[in-house]
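The residues making up each chain are set out below.
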Amino acid sequence: KTPAAEAAAAEARPGGGAAGGRFLVAVSLAEAETLRRALHEGAFEKLASKDGKLVSGVGMALRTLDGGADHALDKSRHFRPADKGSTEHRELNACVQCLRFVNCDMYFTDEEMTLLLEGLEAAPIKQRAEFFAACQRLRRRERVVWSDTPLARAFTQASEWHLLHVRALVHQMGHALQR
């Protein structure tokens, strides 16, 4: 696994920002290790705000991309998970799927694909494909063609999803002929 695949998602609840006062932050493995140490040393029990006042009740959880939104690797005492079935929980799950997209993951369940498509709905399909290709170029691991993976739905109009299998076969044949 690459460090990006092991990256943790950290949530904080300082009383402002995203829906429900939550923030989703992607951090590197080294940053996650530092945050985890701070959790175990109780550093999140009393945090100072910009004006110097102590903020109490700040909660944080560390997650891996593989664990999804429902499994916290570690959490602070004040962390409160989103209620399952709530809009906040669904948005958190969509964010995790978007982070997996940035990590160049290609295999999603139907439910995960639905959440990913919700998260990417504001981005035009052409820009999604260009962004994903750029992310893949930056990876050290072998680039896998996405045309025959569940991710192909993210780069295709919904009205054309029934053609994906045929397009994947044509692409594979063309690739085999080039060898």
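The rules behind each value
- Residues numbered from 1 in each chain as written.
- Predicted model: local features only at pLDDT ≥ 70, side-chain atom pairs only at ≥ 80, totals over all residues.
- Heavy atoms only, no water.
- Helix = DSSP H or I, 4+ residues; strand = E, 2+ residues; numbered from the N terminus.
- Buried < 20%, exposed > 50% of the residue type's maximum accessible area, 1.4 Å probe, protein only.
- Contact = heavy atoms within 4.5 Å.
- Areas by Shrake-Rupley, 256 points an atom, 1.4 Å probe, with all protein chains shown as cover.
- Axes fitted to C-alpha atoms, helices over the stretch in contact; angles between N-to-C directions.
- Parallel < 35°, antiparallel > 145°, perpendicular 65-115°, else oblique.
- Nonpolar A, V, L, I, M, F, W, Y, C, P; charged D, E, K, R; others polar.

1. Thoughts on the overall build of the protein
Point 1. The number of helices and strands found in the protein is 5 helices and 6 strands.
Point 2. Taken from the N to the C terminus, the helices and strands of the protein come in the order β-β-α-β-β-β-β-α-α-α-α.
Point 3. Out of the 179 residues belonging to the protein, those deemed buried represent 34%.
Point 4. Long-range contacts, defined here as pairs at least 24 residues apart, represent 53% of the contacts in the protein between residues at least 6 apart.
Point 5. Of the roughly 11300 Å² of accessible surface on the protein, a fraction of 56% belongs to carbon and sulfur atoms.

2. Some points on helix α3 (residues 110-120)
Point 1. For α3, the set of buried residues is Met 113, Leu 115, Leu 116, Leu 117 and Leu 120.
Point 2. Contacts made by the buried residues of α3 are with α2 (87-102) and α4 (125-137).

3. Some points on the packing of α2 against α3
When two helices pack together, you describe them by how their axes are tilted relative to each other and by the distance separating the axes.
Point 1. One can describe the packing of α2 onto α3 by two numbers: an axis separation of 8 Å at closest approach and a directional angle of 85°. With respect to their mutual orientation, α2 and α3 come out roughly perpendicular. Taken together, the residues of α3 that come into contact with α2 (itself represented by Arg 90, Asn 93, Ala 94, Gln 97, Cys 98, Arg 100 and Phe 101) are Glu 112, Thr 114, Leu 115, Leu 116, Glu 118, Gly 119 and Leu 120.
Point 2. Taken together, the residues of the contact of α2 with α3 break down into 6 nonpolar, 4 polar and 4 charged.

Interpretation note: all reported values are geometric properties and have no functional meaning in isolation.
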